[in-house]
Amino acid sequence: MELMGQITADRPLLVLAVKEEAQYLDTGLPVLLTGMGKVNAATALATVLGRGPLPSGIVNLGTAGALRTGLSGTHVVGTVIQHDLDGELLATLTGELYGAPLTLPDAEGGPTLATGDAFISDEAARARLAERAALVDMEGYALATVAHRAGVPIRLVKHVSDEAGEGAARSWRESVADSARALADWAARHVPHYS
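Quick notes on the rules
Residues numbered from 1 in each chain as written. Predicted model: local features only at pLDDT ≥ 70, side-chain atom pairs only at ≥ 80, totals over all residues. Heavy atoms only, no water. Helix = DSSP H or I, 4+ residues; strand = E, 2+ residues; numbered from the N terminus. Expected span 1.5 Å × (residues − 1). Buried < 20%, exposed > 50% of the residue type's maximum accessible area, 1.4 Å probe, protein only. Arc of directions from axis to C-beta. Contact = heavy atoms within 4.5 Å. Polar contact = N/O pair within 3.5 Å; in protein donor to acceptor, adjacent residues only side chain to side chain. Core = buried A, V, L, I, M, F, W, Y, C linked by side-chain atoms within 4.5 Å. Axes fitted to C-alpha atoms, helices over the stretch in contact; angles between N-to-C directions. Parallel < 35°, antiparallel > 145°, perpendicular 65-115°, else oblique. Left-handed = near helix turned anticlockwise from the far one by under 90°. Nonpolar A, V, L, I, M, F, W, Y, C, P; charged D, E, K, R; others polar. Salt bridge = Lys/Arg side-chain N within 4 Å of Asp/Glu carboxyl O.

K.L.:
What's the story with helix α2 (residues 38-51) in this structure? I'm lost.
P.N.:
Note that an α-helix has 3.6 residues per turn; residues three or four places apart therefore point the same way. Between the first and last C-alpha of α2 there are 20 Å, a value that for 14 residues agrees with the 20 Å anticipated at 1.5 Å per step. One or two positions beyond α2, positive phi appears at G52, with a value near 70°.

Below is the structure:
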């Protein structure tokens, strides 16, 4: 976890997993690098929000794998699900619902993002997830959950870096710089107080 800058109540907080995704950000806004995965994401964001003050909003910028052929570019996520938690089974055991889909109010009609701790790099997993979502990442659901519980609005903005099938790891390494540039360009156009 690394927080660059100071969080204030009148400006948003930019949240990314790793420095490779943040390499082209040129802003005075605070930037939080959480590390990869749901635990790192949730722990880092909960820590900085718990210390206060709360930002005016959170913008999660990051890369994502495309679960459907032909999907590319930058997307504001409309719904986020947790693909590696069997909420239905847990409900039969406990009577409680865990891991329900989260709808993000500022992105109605945006694609569904599936979050899980596995980097999806095989065709079978990609096909299975494509039945439920268009994009896959490793932090979005965790960040949305923490933000929701803290009462801070959040946007998840994902740039497609790979096709989440075979060769995804190589594709991510080869395209992360271009993805980082696209995310920085998106933030400069859409995030208040970016400049």
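Right, picking up where we left off after that structure.
K.L.:
Can you help me understand helix α4 (residues 123-130) in this one?
P.N.:
Among all positions of α4, only A125, R126, L129 and A130 are buried. Buried residues of α4 fall within an arc of 130° about the axis and therefore sit on the same side. Those residues of α4 that are buried lie in contact with β4 (58-66) and β9 (135-137). Sitting at the amino-terminal end of α4 is D122, which places a side-chain oxygen 3.2 Å from the backbone nitrogen of A124.

K.L.:
Explain the nonpolar core here, please?
P.N.:
For soluble globular proteins, nonpolar side chains are generally found buried alongside one another. Formed by 28 residues in total, the largest nonpolar core has its most connected members in L45, I58 and I154. Looking at this core, the element that brings in the most residues is helix α5 (residues 140-150), giving six residues. Counting residues in each nonpolar core, the second largest holds 16 residues, with L25, L33, V157 and A184 among its members.

K.L.:
Looking at this model, I keep getting lost on unusual backbone geometry. Mind explaining?
P.N.:
The omega angle of the peptide bond from G52 to P53 is -5°, so this bond is cis rather than trans. Within the fold, P53 resides in the loop between α2 and β4. A positive phi angle, close to 65°, is found at H193, a residue other than glycine. Structurally, H193 is set in the segment after α6 (168-190).

K.L.:
Explain the environment of A118 here, please?
P.N.:
For A118, the position within the fold is in the loop between β8 (112-115) and α4. In this structure A118 comes out as partly exposed when scored by relative accessible area, which is 40%. Along the sequence, A118 and A182 sit 64 residues apart, while their C-alpha atoms lie 24 Å from each other. Not counting residues up to four positions away in its chain, the partners in contact with A118 are H83 and M138.

K.L.:
What's the story with the side chain of R126 in this structure? I'm lost.
P.N.:
Along the chain, R126 turns up in helix α4. Among the residues examined, R126 registers a relative accessible area of 9% and is labelled buried. In this structure, R126 is in contact with A66, L67, R68, T69, I120, E163, A164 and G165, ignoring residues within four places of it in sequence.

K.L.:
Honestly, the packing of α2 against α5 in this entry has me stumped. Any pointers?
P.N.:
When two helices pack together, you describe them by how their axes are tilted relative to each other and by the distance separating the axes. The geometry of α2 relative to α5 is characterised by a closest axis approach of 8 Å and an angle of 25° between their N-to-C directions. Between α2 and α5, the angle is such that the two are roughly parallel. For α2 against α5, the interelement crossing comes out right-handed. The residues of α5 that touch α2, namely those facing K38, A41, A42, L45, A46 and L49, are A142, L143, V146, A147 and A150. Classifying every residue of the contact of α2 with α5 by side-chain character gives ten nonpolar, no polar and one charged.

K.L.:
When you look at the pattern of salt bridges in this model, what are you seeing that I'm missing?
P.N.:
Close approach of charged atoms lets side chains of opposite charge pair. Throughout the structure, instances matching the rule amount to six salt bridges. Ionic pairing is found between K38 and D84, a salt bridge with its closest N-O pair at 2.6 Å. Here K38, found in helix α2, pairs with D84, found in the loop between β6 (79-82) and α3 (87-94); they are 46 residues apart in sequence, far enough to count as distant. For K38, a relative accessible area of 13% corresponds to the buried category. On the basis of relative accessibility, which here comes to 37%, the residue D84 falls in the partly exposed class.

Geometric values such as these leave the question of function open.
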